Amino acid sequence: MVGNVASVMAELEDEDFYLLSGLEQGMRFSEWVNRGKLPDYADMTEEEVDYRLGRCSERELIERKTMQYEGYRLTFEGYDCLALRTFSERGTIEGVGAPLGVGKEGDVYEVQSYRPMALKYHREGYTGFRKIHKERDYTSENDHVSWFYTARKAAEREHEVLSELYPEVSVPRPVDQNRHAILMEKFEGVELERASFPSEQVVAVCDLVLREMKDAYEAGYVHCDMSQHNVAVAESGVTVFDWPQAVPTDHENADDLLARDVENVVSFFQRKYPGEMPDSVDYRGLSESIADGSFETVAAFEDEPPQ
């Protein structure tokens, strides 16, 4: 695995990108692209294709498999290079720095640009297509194109949602999108899972998160994957990130998905701060108050103990 491909970019020549683009085109039709078709896809001679296959293989940007034919496909690092080249040509990225976070569905890197930014590569199709395919409505029906199709659609969906939510909801400001990658402003804070608060602030912080969910609902979306791992907490407030799985509020299961998000958030605070949070909360009533815009504080939804 190449990891951060920025260091590889300087070594690549225009013809290397022609080959990578040719593979991308061929993978629209087959997971493994027949070696014999690459000269047409990449608009190169047989000899040039052979040379570029060797260069890209050495840098782990492509994979080879022998079947009924000699087949090649992009790795996600190869796909990363294509997206990064496009951003560079657009002038939105000057360089890529250290990793900010690496997860099963996305890698995030610091970006050198005119302001602090972050570059997120979606990885959904590469790491768990069948699970993603089952849960999200934008995945491909064709397994052979699922990896790149799924990751690209996730990036497109997240960019679209962020563009509609920002700035009314505290989400990262989207800047650009290409293929499976999103460029966004870098935001402050630490992950909610790793943050800690004085006892008198616990309910207030929980309320802040729930109010962002309320604002998002009013703007037309349910996050659908709320947890302590996609909320950042800073002195200036909270930021909710990772929105590719969001659904519109007119989705047939939107209210149930909102209720699940509410329970995930509140139960986290209950587990981590058992002395400061209500022991038992009417999650359904709380989610309904978020949906109708009447939410004020989680403390108002503490269940009455049985008599």
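Refer to the structure printed above.
The paragraphs below set out a description of the structure included in this document.

About the thresholds
- Numbering of residues begins from 1 in every chain and follows the order in which that chain's sequence is written.
- The predicted origin of the model limits local features to residues at a pLDDT of at least 70 and limits the giving and counting of side-chain atom pairs to 80 or more, whereas totals for whole chains, interfaces and linings rest on all residues.
- Hydrogens and water molecules were not included; the side-chain quantities draw on all heavy atoms of the structure.
- Joining through side-chain atoms within 4.5 Å is the link that ties buried Ala, Val, Leu, Ile, Met, Phe, Trp, Tyr and Cys residues into a set, and such a set is a nonpolar core.
- Throughout this description, buried means an accessible area under 20% of the type-specific maximum (1.4 Å probe, protein chains only), exposed means over 50%, and partly exposed covers the range between.
- Helix and strand assignments come from DSSP, with helices taken as H or I runs of at least 4 residues and strands as E runs of at least 2, each series counted from the N terminus.
- Residue contacts are defined here by distance: any two heavy atoms, one from each residue, within 4.5 Å place the two residues in contact.
- We treat two strands as partners when DSSP finds at least two bridges between them.
- Comment: axis = line fitted to C-alpha atoms, over the contacting stretch for helices; angle = value between 0 and 180 degrees taken between N-to-C directions.
- Here the angle decides the label: under 35 degrees means roughly parallel, over 145 means roughly antiparallel, 65 to 115 means roughly perpendicular, and every other value means oblique.
- For any pair of crossing helices, the crossing counts as left-handed if the nearer helix is rotated counterclockwise from the farther one by less than a right angle, and right-handed if it is rotated clockwise.
- Classification used: nonpolar for Ala, Val, Leu, Ile, Met, Phe, Trp, Tyr, Cys and Pro, charged for Asp, Glu, Lys and Arg, polar for all others including Gly.

With respect to the nonpolar core
Okay, step 1: Counting residues in hydrophobic clusters, the biggest one holds 43 residues, and the most contacted among them are Phe197, Leu210, Trp243, Val266, Phe269 and Leu286.
Okay, step 2: Where this core is concerned, the elements lending two or more residues are α7 (146–165), α8 (202–219), β10 (221–222), β11 (231–234), β12 (237–240), α9 (254–272) and α10 (283–292).
Okay, step 3: Apart from residues lying up to four places away in sequence, Phe269 is in contact with Leu192, Phe197, Val202, Val205, Cys206, Pro274 and Met277.

What to know about the sheet that holds strand β2 (residues 62–66)
Okay, step 1: Taken in spatial order, the three strands make up an open sheet running β1-β3-β2, and their pairing is antiparallel. A single partner strand is all that each edge strand has here, and the edge strands are β1 (33–34) and β2.

So, the packing of α8 against α10
Okay, step 1: Taken N-terminus to C-terminus, the directions of α8 and α10 make an angle of 50 degrees; their axes are 8 Å apart at the nearest point. On the basis of their axis angle, the class for α8 and α10 is oblique. Crossing handedness for the pair α8 and α10: right-handed. Contact with α8, carried on its side by Leu210, Met213, Lys214 and Tyr217, involves Leu286, Ile290 and Ala291 of α10 and no other residues of that element.
Okay, step 2: Its residues assigned to classes, the contact of α8 with α10 shows six nonpolar, no polar and one charged.

Points about the sheet that holds strand β9 (residues 190–191)
Backbone hydrogen bonds hold the strands of a sheet together, and the pairing may be parallel or antiparallel.
Okay, step 1: What the three strands build is an open sheet, ordered β9-β11-β12; its pairing is antiparallel. In this open sheet, the two edge strands, each paired with only one partner strand, are β9 and β12.
Okay, step 2: In this structure, β9 lies alongside β11, joined through two bridges in antiparallel fashion. Following the sheet pairing, Glu191 is matched in β11 by Ala232.

Considerations on the pairing of strand β8 (residues 181–185)
Okay, step 1: Among the five residues that make up β8, five are buried, leaving the element largely enclosed by the rest of the structure.
Okay, step 2: Alternating positions in β8 separate into two faces, Ala181, Leu183 and Glu185 on one and Ile182 and Met184 on the other, with burial throughout.
Okay, step 3: Two strands pair when backbone bridges link them, and strand β7 (residues 174–178) and β8 are joined in this way by four bridges, in the antiparallel orientation. When the bridges of β8 are listed, Gln177 appears paired with Ile182.
Okay, step 4: Between β7 and β8, which pair antiparallel one after the other, the connecting turn spans two residues, and Arg179 there sits at a positive phi close to 50 degrees.

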